[in-house]
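# Results of the structural survey
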Amino acid sequence: MLIFGFTFRLSIEKNHGLGKILSSRMIRLIIPLLVAYILSFLPMFIFNIHPVINWHIFVGFLPMGGMGSYFITLYIETIVYFTIFYYLVKHFNKYFVIVASILFSIVGELIAYSIDVSDSYMYASSVHRYTLLIALGYYFYDTINGEKNNLILIALGGVSALLLYMFSITHHPIWPYSAYNSAVGWAFQHFPYAFYTVILALILVEIYKKIENKVIYVTVMHTMIMTVSKSSFHIFLAQLFVFLVEKFYKIEMDMLYAVSTLFLSIFLGILWYQLETLILKYASLKVLDEK
């Protein structure tokens, strides 16, 4: 979600209008998602999985299920939320946008608490839990492009890290509005804990800058990063299928399987993206030839 905010800022810096930003994200989402819907019937047939057919499938939930599938719905919600966020960043300063993002998160939690939300899937995919991360990602662009006022950010990152450490010991969230917070392990995914993610991203950027002079590493890393970033949504979808296989065979997750899962998901996702790009390119050329 931090990266979502960051790439949204990159689009604005390229003078892309809201319509172009939203349409490009929808195109990036729709084609691989439709393929995933079709492919999801394959493991259901192989593993004799009963499909999960309810209204969730109309907002991105795959019939086969899968760990982390809520992110697809969250992706769709984020595209809708960008219409609000675009207005905020165009008309208000940084601090107002950050405070507004926090208030949006608080109001969302209060609503979930007051209606006693019983739909864990929709709670998991609700964009209100990540609005601060989107805003911080948007302004992370300034942080890595020369903004000097990082002391507050670093201090808040330290507070977030301390709160996470306390949570790991006590398992009592500092922001326990919704019952789903502690019930399903989402207690640490709210705004008091968001700043540690920014600090982690900042550390990674600094590490990258340290090796900038080593041309061969930069070239290789840049190629890898660009390849993975272009294929990121496809990698996520591939991961759902990989996790499903591991769940069916009841594979005990250790370091070996964790690393294998990581690289297999990345490989399959990149392969999926490359094949899709090749097919779309061929189809577009075919249309041009016919004209």
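Notes on the structure in this doc start here. (Residues numbered from 1 in each chain as written. Predicted model: local features only at pLDDT ≥ 70, side-chain atom pairs only at ≥ 80, totals over all residues. Heavy atoms only, no water.)

Per the secondary structure count, the chain includes 13 helices and zero strands. Mapped in sequence order, the helices and strands of the chain form the string α-α-α-α-α-α-α-α-α-α-α-α-α. Burial status across the chain gives 40% buried among its 291 residues. Nonlocal contacts in the chain, meaning residues at least 24 apart in sequence, comprise 75% of its contacts between residues at least 6 apart. Put simply, the chain shows about 17,200 Å² of open surface, and 72% of that area lies on carbon and sulfur atoms. (Helix = DSSP H or I, 4+ residues; strand = E, 2+ residues; numbered from the N terminus. Buried < 20%, exposed > 50% of the residue type's maximum accessible area, 1.4 Å probe, protein only. Contact = heavy atoms within 4.5 Å. Areas by Shrake-Rupley, 256 points an atom, 1.4 Å probe, with all protein chains shown as cover.)

Another point: the nonpolar core. Among the nonpolar cores identified, the biggest contains 57 residues, and Leu62, Ile72, Phe85, Leu132, Leu136 and Leu237 are the most heavily contacted of them. Sorting elements by how many residues they give to this core places helix H4 (residues 70-91) first, with nine residues. With sequence-adjacent residues up to four places away left out, Leu237 is seen in contact with Pro32, Leu33, Ala36, Ile72 and Trp272. (Core = buried A, V, L, I, M, F, W, Y, C linked by side-chain atoms within 4.5 Å.)

The subject of this paragraph is a nonpolar patch on the surface. A contiguous nonpolar surface patch, about 550 Å² in accessible area, is contributed by Leu264, Phe267, Leu268, Leu271, Leu275 and Ile279. By the element assignment, Ile279 lies in helix H13 (residues 255-290). With a relative accessible area of 57%, Ile279 lands in the exposed category. (Patch = residues over 30% accessible without salt bridge, like charges linked within 9 Å, V, L, I, M, F, W, Y side chains within 5 Å. Salt bridge = Lys/Arg side-chain N within 4 Å of Asp/Glu carboxyl O.)

This part is about unusual backbone geometry. Even without a glycine there, the phi angle at Asn15 is positive, about 65 degrees. In this structure, Asn15 sits in the loop between helix H1 (2-13) and helix H2 (18-39). Residue class for Asn15 comes out exposed when judged on its relative accessible area of 70%.

What follows concerns the side chain of Thr143. Topologically, Thr143 is positioned in helix H7 (residues 131-143). Setting aside its immediate chain neighbours within four residues, Thr143 contacts Asn150, Leu153 and Leu202.

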